[in-house]
Amino acid sequence: MTINKLFVIGSGTMGSGIAQTAVQSGLEVTMSDINETFVERGRQNIEKRINRLVEKGKFTAEERDKALNRLKTTVGMKEAETADAVIEAASEDEKIKSGIFKELDEICPPETIFASNTSSISITYLASFTKRPDRVIGMHFFNPVPIMKLLEITMGYVTSQETLSKAKKVGEKMGKVYVVAKDKAGFIVNRLLDPMLNEAVYLVDEGVATVEDIDKALVYGCNYPMGPLALTDLIGLDVLLAVMETFYKEYGDPKYRPAPLLRKMVRAGKLGKKTKEGFYKYE
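Residues numbered from 1 in each chain as written. Predicted model: local features only at pLDDT ≥ 70, side-chain atom pairs only at ≥ 80, totals over all residues. Heavy atoms only, no water.

1. Concerning unusual backbone geometry
Going by this rule: Secondary structure elements follow DSSP: runs of H or I no shorter than four residues count as helices, runs of E no shorter than two count as strands, and numbering proceeds from the N terminus. Three exposure classes are used, based on accessible area relative to the maximum for each residue type with a 1.4 Å probe and protein chains only: buried under 20%, partly exposed in between, and exposed over 50%.
Residue Asn143 is joined to Pro144 through a cis peptide bond whose omega torsion reads -5°. The residue Pro144 is located in the loop between strand 6 (136-141) and strand 7 (150-155) in this model. One non-glycine residue with positive phi stands out, namely Asn223, at about 65°. Under the relative-accessibility criterion, Asn223 is labelled exposed at 69%. Residue Lys276 is not a glycine yet carries a positive backbone phi of 70°. Tracing the backbone through its elements, the reader meets Lys276 in the segment after helix 11 (260-267).

Laid out in structure tokens, this is it:
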């Protein structure tokens, strides 16, 4: 079975980014969320981003129209029954994601492939909520999805080689460079990256240096494109906290303990760019 139709669950930053990249690559996409307001906002963001590509001469008006015609939106998951594959890009929460997979298993035909965009949660765990664990896989995209080239594919304990092959083909179709990881919390990138971001928060909390100087140290000392605290704002402090809590639960190592300041800021609603304030303030 060739994958031509995708059903994307989630219309936020990641979901809309995945949907946009897919329709630009010639795939038919239905993007879903829990209410019409979220879905419409996601669609508008996709249209704005593609229109900017047209303005910059990277996309023609004809290409834009064809891409947007390949995008449909819906509320709920009923229409997933006609998709070749489903990519879940909901909140980084075990209960939410496992509930989605359980419901999808009742809606979709047995041959439908389920993929999760999770950055830390076990694929084997999510697959256990279905009757098709061999057809469940991790497809972790990076923000912003239309720009970032990497796709991190994660094999669950019983994920089949056929499912892996199809995930690779979808990634290639979407213009991604893929890497394949075993099902260990954090996989490759976040296992390396997120503890460093968490440590940067510890540095702020301990008063070792200012936010600006911590970021400058990594930008000019290690040639990073942006500092760890600016990156945390971009990712979302709530997302980093969720990942670190997963690491701490899975590995039990104190080095993965979330920084107290990180937890405090999330409780205060200072989540980064999406709330206009994190370690920096945004207009």
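2. Remarks on the domain arrangement of the protein
Many structure descriptions define interface size as the accessible area lost when the parts assemble. Heads up, the rule is: All the domain ranges listed were derived from an automatic or database domain assignment. The contact rule is simple, with two residues in contact once any of their heavy atoms fall within 4.5 Å. When two components associate, each loses some accessible surface as probed by a 1.4 Å sphere; the sum of these losses over both components is called the buried area. Whenever Lys or Arg places a side-chain nitrogen within 4 Å of a carboxyl oxygen from Asp or Glu, that contact is recorded as a salt bridge.
Structurally, the protein comprises domain 1 (5-182) and domain 2 (190-274). Spacing between the C-alpha centres of domain 1 and domain 2 amounts to 26 Å. Contact residues are listed per partner, giving six residues for domain 1 and seven residues for domain 2. Across the domain 1/domain 2 interface, buried area totals approximately 610 Å², and carbon plus sulfur atoms make up 48% of it. The interface formed by domain 1 and domain 2 holds one salt bridge in total.

3. Focus on the UniProt feature "binding site: NAD(+)" (unreviewed entry) in the protein
Inclusion rule: UniProt positions are given in the numbering used here, feature names are shortened, and annotations may be inferred rather than shown by experiment.
The feature "binding site: NAD(+)" (unreviewed entry), as given by UniProt, occupies Gly10, Ser11, Gly12, Thr13, Met14, Gly15, Asp33, Glu92, Lys97, Ser119, Asn143 and Lys274 in the numbering adopted here. Position of Met14 among the secondary structure elements: in helix 1 (residues 13-24). Discounting chain neighbours no more than four positions away, the residues touching Met14 are Ala89, Asn117, Phe141, Phe142, Asn143 and Val145. Among the secondary structure elements, Glu92 is positioned in the loop between strand 4 (85-88) and helix 4 (94-107). Given a relative accessible area of 19%, Glu92 falls into the buried group. Leaving out residues up to four positions away in the same chain, Glu92 has contacts with Lys97, Thr118, Ser119, Ser120, Ile121 and Ala242.

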